[in-house]
Amino acid sequence: MPESPLKQRFVLDTSLFLSEEIRREGENVDAAVSRLLDSVATAKLRHNISCYMPPSVADELTAMLQSRGVSEEVFSKLNTWVIRKSPARLELVVPAELVYRFVDELEDRIDRGLRVSEKAVRRAEQSRDGPAEGNGTGKTEVDQVVSDLRDEYRTTLRRGVIDSREDFDLLLLARELDAGVVTEDTGIISWADDFGLRYLRGREFPTLLEEYLRAAEATTGAREDRS
């Protein structure tokens, strides 16, 4: 049997499975992930479209799905149809220019994080140690400042940048396999672009698999009609 012309490789991020965008109306996370993995299985069996995940990302996803009460059947499908593979970290070469850009961006974000902290300190100094106005939670003004600081600090330092080993493993594995990256994380998307990798928003991945399968079936049908 000749190899399928649709043969592809994809490296999947945690955010794909947790995104509400992949759910149909009325679906919970268990049903949505199970349906997605059924599509992954069909794509693998019919057209050798392979999906991978670094072990660090797989462990992260497993913990998140367990916390959401996902069934054992889903974990069985995940372990069967998504291939776990560590990137060959000692063999892969990352351009020095990308490392310099990462260091520059990190330095800039740290500076911005300091400015966010300084602003919060000034707000705390000006506040009174009484209930925050209109929040209805019983928090003091200082409590509210700290809560706001956490949100702003997290957004300033982490959004739009790779900030974990899991993110880096994902990019390295995609580079090694010449695979497409599937994620909803804007930081991973930005760096996938810098790495010269193909990438796809997680919400678009189920439709992509369906279109691949539909196109292959149409091609097979046309070939049978000619024979």
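A few points on the structure. (Residues numbered from 1 in each chain as written. Predicted model: local features only at pLDDT ≥ 70, side-chain atom pairs only at ≥ 80, totals over all residues. Heavy atoms only, no water.)

## A word on the pattern of salt bridges
Where we set the bar: The term salt bridge refers to a side-chain nitrogen of Lys or Arg lying within 4 Å of a carboxyl oxygen of Asp or Glu. Here a helix means four or more residues in a row that DSSP labels H or I, a strand means two or more in a row labelled E, and each is numbered from the N terminus. Residue exposure (1.4 Å probe, protein chains only): buried if accessible area is under 20% of the type maximum, exposed if over 50%, otherwise partly exposed.
Taken as a whole, this structure holds 10 salt bridges when the rule is applied. With a shortest N-O distance of 3.3 Å, D59 and R84 are connected by a salt bridge. On the criterion of sequence distance, the pair formed by D59 in helix α3 (residues 55–67) and R84 in strand β3 (residues 82–84) is long-range, its members being 25 residues apart. Judged by its relative accessible area of 47%, D59 is partly exposed. Residue classification places R84 among the partly exposed residues on the basis of a relative accessible area of 40%. A salt bridge links K85 to E176, with the shortest nitrogen-to-oxygen separation between them at 2.7 Å. Highlighted residues: K85 in the loop between β3 and α5 (96–126) and E176 in helix α7 (residues 165–177), separated in sequence by 91 residues. One connected set of salt bridges, linked through shared partners, spans D38, E73 and K77.

## Remarks on the side chain of D169
Short version of the rule: Contacts: residue pairs with any heavy atoms within 4.5 Å of one another.
Considering the arrangement of structural elements, one finds D169 in helix α7. Sequence-distant contacts of D169, that is, excluding residues within four places in its chain, are made with P54, S56, P87 and R89.

## As for the side chain of K77
Cut-off, in case you're wondering: Each polar contact in these results corresponds to two N or O atoms within 3.5 Å; when the atoms are within protein, one needs to be able to donate a hydrogen and the other to accept it, and residues that are neighboring in sequence are counted only if both atoms are side-chain atoms.
Along the chain, K77 turns up in helix α4 (residues 72–81). Judged by relative accessible area, K77 falls into the buried class, the value being 14%. A polar side-chain atom of K77 sits 2.7 Å from a polar atom in the side chain of S34. Each residue touching K77, except ones within four places of it in the same chain, is listed here: S34, L37, D38 and V82.

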